[in-house]
Amino acid sequence: MSAAEPLPPTVTLASLHPGDAATLAAIHTDDALYQRLLALGFRSGKLVQVIRRASFGGPLQVRIGTTDILLRRAEAEKITVQQP
Amino acid sequence: MKRIALLGMPNTGKSTLFNRMTGGAARVGNWPGITVELLTGKILLGANMVEIIDLPGIYDLHGFSEDEQVVRHFLHDNVPDLALIVLNATQIERQLSLLLQLKQLNLNMVVLLNMADEAKKFGITIDSAKMSESLGIPIFQMSAKYGTGYPEALHAATRALRYPTPRMAEQLRAQLEQDDHIESEMARVLQHSVQVPARMPDNLTTRLDQLMLHPWLGLPIFFGIMYLLFQGIFLFGQPLQAGVNTAFGWLREAAVAPLFSGLPPTLQGLLLDGVYNGVATVAAFVPIIVLFFLFMAIVEDTGYLSRAAFLMDALMAKMGLDGRSFVMLLMGFGCNVPALMGTRVMRSRSLRMLSMLVIPFSLCSARLQVFVFVSAALFSPQAAPLALFSLYLFSFAAAIVTALLFKGQFPNNEPFVLELPPYRFPTGRQMVMRGWHEVTHFLRRATQFIVAGVVLVWLLTHLPASATPAGSDTFAGIIGGWLHPLFAPIGITPELTIALIFGFVAKEIVIGSLAVIYGLSGEALSGALAQQLDWVQAYSFMLFTLIYTPCLSAIATLRSESRNMGFTLFAIGWSLVLAWAVSFTFYQGARWLGY
C-alpha cells in the first residue's frame, strides 16, 4: 500500500516499548484501514511515540503530533518505523 | 429553505455547535461516534429560515462504516447550500486532510476551527487569516462549548449563504484518489499558518491517565468508579423516589380522589387505582432518572469511555468483541436503543451483530427503576446497594457468556483503532440540557406506553366483572395460572408473572403494573411485596427481569439495525432461555443451600 520501500533498520511499531519514539516508515494494511490511519495522522516521516501498552496483551496507546490513538498489537505489527 | 450542513471528523464538537445554533438537545459526548444519524433543526439566520443538519463525523470521504456512508449519501443526494466544516483546532495538523478532500467537491463552505480554547492551552498558535488566504476559504476560530468566536462565525455563515449553491460532481469518489497531492498541500498550508510545540506540555490528561490507565490499577479503578456511581444513585435517588411517591399519595387523597368521587365506582377504580397509581409510581422515578443521566453525562463527556475501551479491549477480544463493544455496553446502561445504534461505527457486520446480541443485557435505566424499588423493599439499607451492584455484574456476565457462546457464529477480524481524546468537563448548561432531555424522553415513553400498559393491567385484574379484583378468577389470574408451571420453579408468583408480561413492552411498566395489581403504591406496595416474597424470590425475579427479552423499542431497533428478522427473533429467544436458566440456577441453588 505504501509508496516508499522501508530502509533498514526498520522494526514494527508493536516492538517499541513505552516511552520509545520512532519515525513512521510504512503502513502495510488493507485499503480501508490505510485510509483511516492516514486520517488519524499516520503518514510516513511523522514522529510516533508509544505512551503505554495495556495489560493482558491489550492495545497500545501511541501519540502522533497532538493526537493520541489506541490500536491493537496486530495492527501495530503492520506499521513499520525507523528508530533513531 | 436553504440548508446548512455541519461536517467534520468525529468528536470535533459538531453536535455541541448544533445545539448552540438551534437550542436543540442533540446528545453530545467526548466519544468519537456519539452521533450516528442525521439531526435537523431550523433557525432564523439573517432574514431567512434555514435548516441546520448535524451529520455523523467522517474521517475521510473514502469511509466504509455505516455512519460514514450516511454522510456520503447525504452529500451526494442533497448538496447543502453551505457546509460548515468543523475541525478540531488542536489537531489541525491532521484534520486539514479532510478539509482538502472536501474542498475538491467545490462545496460552498466556511471553516470553523473549534476548541480554540483547548488549542491555546496546548500552546498551538494558528494564524487563521493566513490560512484563509492560502486556501481561499473563510476560516474562523471558535469554541462551540463556551461560545467564544461564535457570533463572528455565524455572521460569516449568513454572508456565505448568499452565494449560489454549487452542483455536485458526478463521480464523487473518482475525484478523491490523489492523496499524494493532499499531503504536499497540507504541508504548504500548515508551514505558514500553524505552530505546534515540538513536545506536548505535561497536562492534566497525561497525569490523570498515569493513574486511570495504570497497568494494574486501571481495571480496579474502573470497577471502583462504577461501584461508587451506582452506590451514589441508590443512596441519593432512593429517598428522592420515596419522597415523590409520598407526595403523589398525598395529592391523591387531597385532590384527585375528591375530584373523581362523583363517578361510578368501576370508573373511579380504573382512574385512581389503575391510571393514577400506575403512572404516579412510574413518575416517582423521574429524580432517579435525572440523577442517573447526570452521572452518565459526566462519564461520557469526560472522555473516560475511551479509557474503558483501552482497559477492556484485551478481554473483549477473547469474546470476539472489541473495546468499542464494551463502551456500547456502558452506554446501554442509559438506554439500549442508542447503544444499539452506536454500533454503526463498526465496519464488520459480524462484529456489529455480535455486539447487538449482547447490548440488550446491559442494565438500562428502566430496569434500574425496577431494581431500586424491589431491592429497597426486600433488602436492608446496607444490603440493597450491594444487591443492585451485583445485578450490574450479572449484566456483564450475561453479555460475556452470550458472546463466548456465539462468537463462532460471528467471526470477524475488524481492526481496532480508536482515538483517545483528552479529558474534558461538561458545562453546567450541557448537564442541565441532558437532564432535561432525558426527562422529556421518559415522559414521552410514559404517555405512550405506560398509561396504556397500566390501564390494560387494571382491566385484566378486574375483569370479568364477577371476579374478585386481582383474584385467580380474573383474566390476569387465569393467565398467571397457565404460566405458573413455568415460573414456579424460579420462585416467581402469578402476580409478578403478569408484571413481567407487560415488562415486555417497556420495563418501566413492571413496577407500575405491580402497583395496579396490588392496588397499592409507594411504601404500601413495598410492604406488600416484602410480605409476599422472600429475598431469594425477589432476587430471582430481578435476575429474570434483567435478562429476559429486550423491550419493544429495543426490539424494533434490533430489527431495523440488523435488517434481519431471524436475528431479532433469535436475540429475543436466547434472552428468554438464558433468563430462565439463570433464575432457575439461582433460585434452586439458594433453596438447596437452605436459604
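Residues numbered from 1 in each chain as written. Chains lettered and ligands numbered in written order. Predicted model: local features only at pLDDT ≥ 70, side-chain atom pairs only at ≥ 80, totals over all residues. Heavy atoms only, no water.

### A word on the sheet that holds strand β2 (residues 39-45) of chain B
Residues and elements named next belong to chain B.
And step 1. Taken in spatial order, the six strands of this open sheet run β2-β3-β1-β4-β5-β7, and their pairing is mixed. Pairing within the sheet leaves two strands with one partner each, and these edge strands are β2 and β7 (139-141). Here the average twist between neighbouring strands, direction ignored, is 25°.
And step 2. Pairing analysis gives five bridges linking strand β1 (residues 2-8) to strand β4 (residues 82-88), with the strands arranged parallel. Residue L6 lies in a different strand from β4, and its bridge partner there is L84. (Pairing = 2+ DSSP bridges. Helix = DSSP H or I, 4+ residues; strand = E, 2+ residues; numbered from the N terminus. Axes fitted to C-alpha atoms, helices over the stretch in contact; angles between N-to-C directions.)

### Topic: the pairing of strand β5 (residues 109-114) of chain B
All names here are of chain B.
And step 1. Within β5, six of the six residues are buried, which leaves the element mostly enclosed by the surrounding structure.
And step 2. Pairing geometry for β4 and β5, over six bridges, is parallel. Within the sheet, the bridge partner assigned to L84 lies in β5 and is V110.
And step 3. In this fold, the crossover linking β4 to β5 by way of helix α3 (residues 92-103) has right-handed handedness.
And step 4. Note: β5 against β7, three bridges, orientation parallel. Counted as the bridge partner of L112 is F140 from β7. (Buried < 20%, exposed > 50% of the residue type's maximum accessible area, 1.4 Å probe, protein only. Right-handed = clockwise from strand over helix to strand, strands pointing away.)

### Side note on helix α19 (residues 475-487) of chain B
Residues and elements named next belong to chain B.
And step 1. In this model, α19 (13 residues) spans 17 Å end to end at C-alpha, consistent with the 18 Å of a helix rising 1.5 Å per residue.
And step 2. The largest bend along α19 measures about 35° and falls at G481, with the proline P485 one to four residues further on.
And step 3. By the burial criterion, the buried members of α19 are A476, G477, G480 and F487.
And step 4. Those residues of α19 that are buried lie in contact with α18 (428-462), α20 (494-503) and α23 (535-547). (Expected span 1.5 Å × (residues − 1). Bend = angle between axes of the 7 residues up to and from the residue. Contact = heavy atoms within 4.5 Å.)

### Focus on the layout of surface pockets
Residue and element names in this part refer to chain B.
And step 1. In this structure, the largest pocket spans a volume of roughly 940 Å³.
And step 2. Along the wall of the largest pocket there are 45 residues; nearest its centre are R27, V337, P338, H437 and H441.
And step 3. Among the secondary structure elements, those contributing two or more residues to the lining of the largest pocket are α1 (14-22), β2, α11 (286-302), α13 (323-332), α14 (336-342), α16 (365-378), α18 and α24 (552-562).
And step 4. Top contributing element to the lining of the largest pocket by residue count: α18, with nine residues.
And step 5. Split into classes, the residues belonging to the lining of the largest pocket amount to 21 nonpolar, 15 polar and nine charged.
And step 6. Summarising the domain contributions, the lining of the largest pocket has at least three residues from each of domain 1 (2-195) and domain 2 (220-410 + 432-592).
And step 7. Within the lining of the second largest pocket, the residues separate by chemical class into 16 nonpolar, 15 polar and eight charged. (1 Å grid on protein atoms, 1.4 Å probe; cavity = no way out; pocket = protein on both sides within 12 Å on 5 of 7 lines; lining within 4 Å. Points joined across faces, edges and corners; volume = space filled by probe spheres on them. Nonpolar A, V, L, I, M, F, W, Y, C, P; charged D, E, K, R; others polar. Domains from an automatic or database assignment.)

These values are about where atoms sit, not about what they do.
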